[in-house]
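# A look at the structure
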Amino acid sequence: MSPVKDFKWDPIGPDELEMIQRVFQSELRIRALSSKCEEAEALAAKLISAYQSGTRDAAGLAAVAKRL
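Cut-offs used in this document
The written sequence of each chain sets the order in which its residues are numbered from 1. For this predicted model, a pLDDT threshold of at least 70 governs which residues receive local features, and a threshold of 80 or more governs which side-chain atom pairs are given and counted, while totals over whole chains, interfaces and linings are taken from all residues. To obtain the side-chain values, all non-hydrogen atoms of the structure were used and water was disregarded. Each helix is a run of H or I in the DSSP string that is no shorter than four residues. Each strand is a run of E no shorter than two, and both are numbered from the N terminus. Burial status follows relative accessibility: with a 1.4 Å probe on protein chains alone, a residue under 20% of its type maximum counts as buried, one over 50% as exposed, and anything between as partly exposed. Only heavy atoms enter the contact rule, under which two residues are in contact if any of them lie within 4.5 Å. Within a predicted model, pLDDT stands for the predictor's per-residue confidence, ranging from 0 to 100. Note on terminology: a nonpolar core comprises buried Ala, Val, Leu, Ile, Met, Phe, Trp, Tyr and Cys residues joined through side-chain atoms within 4.5 Å. Every axis in this analysis is a line fitted to C-alpha atoms, fitted for helices over the stretch in contact. Angles between the N-to-C directions lie between 0 and 180 degrees. To sort the angles, those under 35 degrees are grouped as roughly parallel, those over 145 as roughly antiparallel, those from 65 to 115 as roughly perpendicular, and the leftovers as oblique. In this scheme, a crossing is called left-handed if the near helix is turned counterclockwise away from the far one by less than a right angle; it is called right-handed if the turn is clockwise. Polarity classes work like this: nonpolar for Ala, Val, Leu, Ile, Met, Phe, Trp, Tyr, Cys and Pro, charged for Asp, Glu, Lys and Arg, and polar for all others, with Gly in that last group. By salt bridge we mean one thing: a side-chain nitrogen of Lys or Arg within 4 Å of a carboxyl oxygen of Asp or Glu.

### Some details on the overall build of the chain
Within the chain, the regular secondary structure consists of 4 helices and 0 strands. Beginning at the N terminus, the succession of helices and strands in the chain can be written as α-α-α-α. Looking at the 68 residues of the chain, the share that counts as buried comes to 24%. Taking all contacts inside the chain whose residues are at least 6 apart in sequence as the whole, residues at least 24 apart take part in 51%.

### Here's the deal with the confidence of the model for the chain
Looking at the chain, pLDDT values average 90 and 87% of them are 70 or higher. The spread of mean pLDDT over the elements of the chain runs between helix α1 (residues 3-6), the lowest at 54, and helix α2 (residues 14-31), the highest at 97.

### A look at unusual backbone geometry
Peptide bonds are trans in most cases, and residues, glycine excluded, mostly fall at negative phi. Positive phi, normally seen in glycine, also occurs at alanine 32, with a value near 55°. Among the structural elements, alanine 32 can be located in the loop between α2 and α3 (38-52).

### Here we look at the nonpolar core
Ranked by size, the top nonpolar core spans 13 residues in total, and within it Ile20, Phe24, Leu28, Leu43, Leu47, Tyr51 and Leu61 carry the most contacts. Mapped onto this core, the elements with two or more residues apiece are α2, α3 and α4 (58-66). Setting aside its immediate chain neighbours within four residues, phenylalanine 24 contacts Ser35, Ala40, Leu43, Ala44 and Leu47.

### Structural notes on the packing of α3 against α4
Packed helix pairs are specified by the crossing angle of their axes together with the interaxial distance, meaning the distance between the axes. Close contact between α3 and α4 brings their axes to 10 Å; oriented N to C, the two are set at 135°. Here α3 is positioned oblique relative to α4, judged by the angle of their axes. Both α3 and α4 take part in a crossing whose hand is right-handed. Contacts between α3 and α4 pair Leu43, Lys46, Leu47, Ala50 and Tyr51 from the former with Leu61, Val64 and Ala65 from the latter. Residue composition of the contact of α3 with α4, grouped by class: 7 nonpolar, no polar and 1 charged.

### A short note on the pattern of salt bridges
With the rule as written, the count across this model stands at 4 salt bridges. Salt-bridge contacts for lysine 66 lead to glutamate 27; the nearest nitrogen and oxygen are separated by 2.8 Å. Taken together, the residues span a long stretch of sequence, with lysine 66 in helix α4 and glutamate 27 in helix α2 at a distance of 39 residues. Since its relative accessible area comes to 5%, glutamate 27 is described here as buried. Note that arginine 31 and glutamate 39 form a salt bridge whose closest N and O atoms lie 3.0 Å from each other. Accessibility expressed as a relative area gives 21% for arginine 31, which makes it partly exposed. The network of salt bridges with common partners includes Glu27, Arg31, Glu39 and Lys66.

Written out as structure tokens, the structure is:
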């Protein structure tokens, strides 16, 4: 079988994206960061990566954010 056929694409839906956004915005407020800075970009990438790796709840994503 081709590796491409084995890959399962699981897009982030609007509800999930909203949850990630809430966690992201909360963490920006806690850290007093602008959403345009390098640290915020790294945080956003980490949250999306964590979600795609299986952390599918707000509490889990917030815990990931705290470890950065």
